[in-house]
Amino acid sequence: MSDQVQLRDVEEADLEAFHQQENDPESVRRSRFTPRDRPTFMKHWATKVLGDPGVFVQTVTVDGATAGSIVAWWIQDQRFIGYWLDRQYWGRGVGTKALRLFLGREKTRPLYADPVGTNTGSVRLLEKLGFQQIDTVRHGEDEHVLLMLASHTSAPIGPQDPRDNP
């Protein structure tokens, strides 16, 4: 497998894969995100993601297969990003490649992310791409790391890790 990472617009068939990824037990444990049942998930994506013109979302593909998604949305006057990758793509540089591509398309800065603090892999990935920790916030029982990407020049666009080369 070459791990050719690309981004494309979301297709209806991707939603089934996204729902399965959201319900992966290890992903749930690491993200501390409560998965939604299928009807709730599909309604959320139809109305809050694909149905909101302020949301920018891309499907991550690896060698043509749906590997996950990256989303940017507004919370008041702050632009946030979030992502979800199928577990089979973890630790292979896919997240780094996909986020670099996404950051080249999403032009808003500053850009924020707030992964749960115990998800050290996600925090490290964001820091690797130029995000800096600015605070911690609580969502329910969990403490999250609030990170910010201040400018376009903060995120290196070219491959920085040998695993990032196609």
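You'll find the structure just up there.
Quick notes on the rules
- Residues numbered from 1 in each chain as written.
- Predicted model: local features only at pLDDT ≥ 70, side-chain atom pairs only at ≥ 80, totals over all residues.
- Heavy atoms only, no water.
- Helix = DSSP H or I, 4+ residues; strand = E, 2+ residues; numbered from the N terminus.
- Rg over C-alpha atoms; globule rule 2.2 N^0.38 Å.
- Buried < 20%, exposed > 50% of the residue type's maximum accessible area, 1.4 Å probe, protein only.
- Areas by Shrake-Rupley, 256 points an atom, 1.4 Å probe, with all protein chains shown as cover.
- Lys, Arg positive; Asp, Glu negative; His and termini not counted.
- Charge placed at Lys NZ, Arg CZ, Asp CG, Glu CD.
- Core = buried A, V, L, I, M, F, W, Y, C linked by side-chain atoms within 4.5 Å.
- Salt bridge = Lys/Arg side-chain N within 4 Å of Asp/Glu carboxyl O.
- Phe/Tyr/Trp six-rings, centres within 6.5 Å; stacked < 30°, edge-to-face > 60°.

1. Side note on the overall build of the protein chain
Item 1. Looking only at helices and strands, one finds five helices and seven strands in the protein chain.
Item 2. Reading the secondary structure of the protein chain in the N-to-C direction produces β-α-α-α-β-β-β-α-β-α-β-β.
Item 3. Its C-alpha atoms give the protein chain a radius of gyration of 15 Å, within 12% of the compact-globule value 15 Å for 166 residues.
Item 4. Along the first, second and third principal axes, the C-alpha set of the protein chain runs to 40 × 40 × 30 Å.
Item 5. Looking at the protein chain as a whole, 44% of its 166 residues are labelled buried.
Item 6. A total of about 9,000 Å² of accessible surface is found on the protein chain, and carbon and sulfur atoms cover 51% of it.
Item 7. Placing the 20 positive and 23 negative side-chain charges of the protein chain at their respective mean positions leaves the two points 3 Å apart.

2. Side note on unusual backbone geometry
Item 1. Between Arg109 and the following residue, Pro110, the backbone shows a cis peptide bond with an omega angle of 0°.
Item 2. By secondary structure assignment, the location of Pro110 is in the loop between helix H4 (94-105) and strand S5 (111-113).
Item 3. Positive phi values are uncommon outside glycine, yet Arg32 reaches one of about 60°.
Item 4. Inspection of the secondary structure assignment puts Arg32 in the loop between helix H2 (25-31) and helix H3 (38-49).
Item 5. Here the phi dihedral of Gln76 falls at roughly 55°; this positive angle occurs in a residue that is not glycine.

3. Description of the nonpolar core
Item 1. Within the largest apolar cluster, 25 residues are counted, with the highest numbers of intra-cluster contacts made by Val60, Ile70, Ile81, Val94, Leu99, Leu126 and Phe131.
Item 2. Broken down by element, this core gets its largest block of residues, five residues, from H4.
Item 3. One finds Leu15, Phe18, Val49 and Val55 within the second-largest nonpolar core, a separate group that totals 10 residues.

4. Description of the pattern of salt bridges
Item 1. Throughout the structure, instances matching the rule amount to 10 salt bridges.
Item 2. When the shortest N-O distance is used, the salt bridge between Arg87 and Asp24 registers 2.7 Å. Here Arg87 is found in the loop between strand S4 (78-85) and H4, whereas its partner Asp24 is found in the loop between helix H1 (14-22) and H2, with 63 residues between them in sequence.
Item 3. Given a relative accessible area of 40%, Arg87 falls into the partly exposed group.
Item 4. Residue Asp24 is classed as buried on the basis of its relative accessible area of 15%.
Item 5. Between Arg32 and Asp142 there is a salt bridge; the shortest N-O distance is 2.9 Å. Highlighted residues: Arg32 in the loop between H2 and H3 and Asp142 in strand S7 (residues 142-149), separated in sequence by 110 residues.
Item 6. Its relative accessible area of 45% is what places Arg32 among the partly exposed residues.
Item 7. For Asp142, a relative accessible area of 14% puts it in the buried group.

5. Quick word on the packing of aromatic side chains
Item 1. Within this structure, the stated rule accounts for six aromatic pairs.
Item 2. Seen from their ring centres, Phe18 and Trp45 are 5.0 Å apart, and the 40° between their planes marks the pair as tilted. Here the residue Phe18 occupies a position in helix H1, and Trp45 occupies one in helix H3, the gap between them amounting to 27 residues.
Item 3. Note on Trp45: relative accessible area 6%, which makes it buried.

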